[in-house]
Amino acid sequence: NCWELRASNAFKQSLGSLGSLHENYMLYNYNSIQQRDGKLNESDSWNSSIIAEYKNAIKARFVNFGYNYSWTENTLLNNYLYNADASTILQVVERKNNQVSHGLNAKFSQYFSKTKFNLEVGIHQQWMAHAQLLNNNFIQVKNELTSIHAEIKYRKISWLTLEYKYNWLNYI
């Protein structure tokens, strides 16, 4: 039996991508135009996580739980302008804004040697919030992601493995 607890914390500064360095309007697809002012988005990011893990190789049982927190401060804010003809213009405005994310996950895995089955089940839950401008109005966008996966493997003979995988995702 082995319990392990890990924690991490990281800080990162970045200047955005060179692909967003253009000025004026640029057509990105048939109904989307982006207008940049030639500035790079400077961002400061903090990421923290803690993971508790249980490993029992004799019983072939593995369990882990984790929590992740991230916070990012940006210098540029997107302003999405939606027109009556279904076209979109993305303008970039110089305004500090934050993005916050919380995540929980858990995974369980068990191998059953008598029946040659391996079972794995996992769940991930994430909450995200960020600011943006929508037709020049400041709004706070909140999203939630739930993901569940299950996997069964059966291997009775060395050259044949049967697998069944199930994934479910809900994003609101």
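Everything below is about the structure shown above.
Just so it is clear, the structure is predicted and the values come from calculations on it, not from any experiment.

Engineer: Account for the overall build of the chain, with residues named and values stated.
Structural biologist: When you go through the chain residue by residue, the secondary structure sums to zero helices and nine strands. Mapped in sequence order, the helices and strands of the chain form the string β-β-β-β-β-β-β-β-β. When the backbone C-alpha atoms are referred to their principal axes, the chain occupies close to 65 × 35 × 25 Å. Across the 172 residues of the chain, 25% fall into the buried class. Partitioning the contacts of the chain with sequence separation of at least 6, the portion at a separation of at least 24 is 54%. When the accessible area of the chain is evaluated, it comes to approximately 11800 Å², of which 56% is carbon and sulfur surface.

Engineer: Give a detailed account of the pairing of strand β7 (residues 117-134), specifying residues and quantitative values.
Structural biologist: Regular strands place side chains that alternate from one sheet face to the opposite one. Bridge count between strand β5 (residues 61-82) and β7: two bridges; the pairing is parallel. By the bridge assignment for β7, Y80 is matched with L134. Pairing of strand β6 (residues 88-112) with β7, which is carried by 14 bridges, proceeds in the antiparallel orientation. Bridge pairing in β7 places F108 opposite V121. Remark: four residues form the turn of the hairpin made by β6 and β7, two consecutive strands paired antiparallel; K116 in that turn has positive phi of roughly 65°. In this structure, β7 lies alongside strand β8 (residues 137-157), joined through 18 bridges in antiparallel fashion. Bridging across to β8, V121 finds its partner in A150. The turn joining β7 and β8, which pair antiparallel and follow one another in sequence, is formed by two residues; a positive phi near 50° is taken by N135.

Engineer: Break down the pattern of salt bridges for me, citing the residues and quoting the values.
Structural biologist: When their charged atoms lie close together, side chains carrying opposite charge are able to pair. Inspection of every chain in the model, using the stated rule, returns five salt bridges. Between K55 and E53 there is a salt bridge, with the nearest N and O atoms lying 3.8 Å from each other. A relative accessible area of 36% means that K55 is categorised as partly exposed. A network of salt bridges, in which partner residues are shared, links E4, R6, E53 and K55.

Rules and cut-offs
- Residues numbered from 1 in each chain as written.
- Predicted model: local features only at pLDDT ≥ 70, side-chain atom pairs only at ≥ 80, totals over all residues.
- Heavy atoms only, no water.
- Helix = DSSP H or I, 4+ residues; strand = E, 2+ residues; numbered from the N terminus.
- Buried < 20%, exposed > 50% of the residue type's maximum accessible area, 1.4 Å probe, protein only.
- Contact = heavy atoms within 4.5 Å.
- Areas by Shrake-Rupley, 256 points an atom, 1.4 Å probe, with all protein chains shown as cover.
- Pairing = 2+ DSSP bridges.
- Salt bridge = Lys/Arg side-chain N within 4 Å of Asp/Glu carboxyl O.

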